[in-house]
Amino acid sequence: MRRLRYKSRMASEFEIIRKYFTRPAPSAVLGVGDDCALLAPRHGMLLAVTTDMLLAGRHFLANDDPGKLGHKALAVNLSDLAAMGADPRWAMLAIALPEADEKWIAAFADGFFRLAARFDTELIGGDTTKGPLTICITAIGEVPPNLALRRDAALAGDEVWLSGATGEAALAIAHRQGRVKLEGAAREACLARLHTPEPRVELGGRLRGLARSAIDVSDGLLADLGHILEASGVGAELAWEDIPRAPAIAACADEALARECALAGGDDYELVFTAPPFRRAEIEATGKELDIVLTRIGVTVPGAPSAVLRDASGKAISLAHGGFDHFA
């Protein structure tokens, strides 16, 4: 006798949206479920809007943990809001899925909404479709007029600051590529920085009125600082000895790789910002209150919009790679 085999019915697009991505959005006039969301910014606030796309095989591996991927997909957008000094309010999610794998979708949604809840971010709409795994999030925040941390506001004589330390996420990528072998605590720390970055949302808000300009480090410290310098029309002098080293970077036996990761590696999502020297004490106090290490790594100077990095002897250091390029 032939055994009949029944193929289980896959969830439809609208069932996926209703089951996994429809949540209350009380701060929106109208959230998920219509052709558009309707939003009413708080009185006197400007909207800050950012979009980031993550593509399987380019920004992450298709077999990466979906819960961590849900976290990271939102975190990279919240980091952009932090760099502008904006308070997160809403997000929209567009996702292409190779198949309607409900176990994967549930884990992704859990990671996404856990981080969203921490920063009072409501999902208000988006889109789903079948296709190569691609995640695109638009995040919307609010910032008071004249207090947004723009890239074009740095002045010569500003101090250049960095939150935390850079390089661990890039070192994790080097580990996955077989360029270095990480073990124990170093391996765990680097993989955590790569898969579950911490957006500096609270720091960004506290820097309003203190910092002149800011950017998040997504493509590499020198490359992203370079965007501030280009937009502001100033240069910068940095000292390699002043760049903070995460433990895994400090312990890396391959000094050239460690330097490349710290200066040109992406996916850190720390903030690099400039501020006038008279704000130094306030910035240091802010770092202590938030338990975030804030380090002065250089100063902006008149001249060509580029950063010169010097070693302990004052000699300029050059790097083979300037930072991540999406078309390289």
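The rules behind each value
- Residues numbered from 1 in each chain as written.
- Predicted model: local features only at pLDDT ≥ 70, side-chain atom pairs only at ≥ 80, totals over all residues.
- Heavy atoms only, no water.
- Core = buried A, V, L, I, M, F, W, Y, C linked by side-chain atoms within 4.5 Å.
- Buried < 20%, exposed > 50% of the residue type's maximum accessible area, 1.4 Å probe, protein only.
- Helix = DSSP H or I, 4+ residues; strand = E, 2+ residues; numbered from the N terminus.
- Contact = heavy atoms within 4.5 Å.
- Pairing = 2+ DSSP bridges.
- Axes fitted to C-alpha atoms, helices over the stretch in contact; angles between N-to-C directions.
- Phe/Tyr/Trp six-rings, centres within 6.5 Å; stacked < 30°, edge-to-face > 60°.
- Lys NZ or Arg CZ within 6 Å of the ring centre and 35° of its normal.

Visitor: Before we go on, may I ask you to explain the nonpolar core in this structure?
Guide: Here is a general trend for soluble globular proteins: nonpolar side chains tend to be buried in one another's company. Leu-171, Leu-221, Leu-238 and Val-272 are the most contacted members of the largest nonpolar core, which has 39 residues in total. Put simply, the parts of the chain that give this core at least two residues each are strand S5 (159–163), helix H4 (168–176), helix H5 (184–195), helix H7 (221–232), strand S7 (235–239), helix H8 (247–251) and helix H9 (255–264). Residues contacting Leu-171, with those up to four places away along its chain left out, are Val-180, Leu-182, Cys-190, Ala-248, Ile-249, Cys-252, Leu-257 and Cys-261. Judged by nonpolar contacts, the second largest core, of 36 residues, contains Ile-16, Ile-105, Leu-115 and Ala-116.

Visitor: Please clarify how the sheet that holds strand S4 (residues 134–143) should be interpreted in this entry.
Guide: Pairing between sheet strands relies on hydrogen bonds along the backbone, with the strands arranged either parallel or antiparallel. Pairing within the open sheet is mixed, and its four strands lie in the order S1-S4-S2-S3. Only two strands of the sheet have a single partner each, and these edge strands are strand S1 (46–55) and strand S3 (122–130). Going from strand to strand, the sheet's axes swing by 15° on average, the running direction of each strand aside. Judged from the ten bridges that link them, S1 and S4 form a sheet pairing that is antiparallel. Residue pairing in the sheet places Leu-54 in a bridge with Ile-135 of S4.

Visitor: Explanation requested: the packing of aromatic side chains in the structure shown.
Guide: Any pair of aromatic rings gets described here by the distance separating the centres and the angle formed by the planes. This structure, assessed with the given rule, holds four aromatic pairs. When the centroid spacing of 5.4 Å and the interplanar angle of 10° are considered together, the rings of Trp-104 and Phe-108 count as stacked. Placement of both Trp-104 and Phe-108 in helix H3 (residues 102–118) is noted, with a separation of four residues, approximately one turn of the helix. We note that Trp-104, like Phe-108, is buried. Pairing Phe-112 with Phe-113 gives two aromatic rings, centres 5.2 Å apart and planes at 80°, and the pair type is edge-to-face. As far as burial versus exposure is concerned, Phe-112 and Phe-113 are alike and both buried. Members of the aromatic cluster, joined through ring pairs, are Phe-21, Trp-104 and Phe-108. The aromatic ring of Phe-113 is capped on one face by Arg-23, whose charged end is 3.8 Å from the ring centroid. The ring of Trp-240 is capped by Arg-245, whose NZ or CZ atom sits 3.8 Å from the centre of that ring.

Visitor: Before we go on, may I ask you to explain the sheet that holds S5 in this structure?
Guide: Strand order in this open sheet of six strands is S6-S8-S5-S9-S7-S10, and the pairing throughout is mixed. This sheet does not close on itself; its edge strands, each paired only once, are strand S6 (213–216) and strand S10 (307–310). Averaged over all pairs of adjacent strands, the angle between strand axes in this sheet comes to 25°, irrespective of strand direction. Here S7 runs beside strand S9 (residues 294–301); their pairing, made up of four bridges, is antiparallel. From the neighbouring strand, Gly-235 faces S9, where its bridge partner is Val-301. Here H7 sits on the sheet in contact with S5, S6, S7, strand S8 (271–275), S9 and S10, set at roughly 145° to S6.

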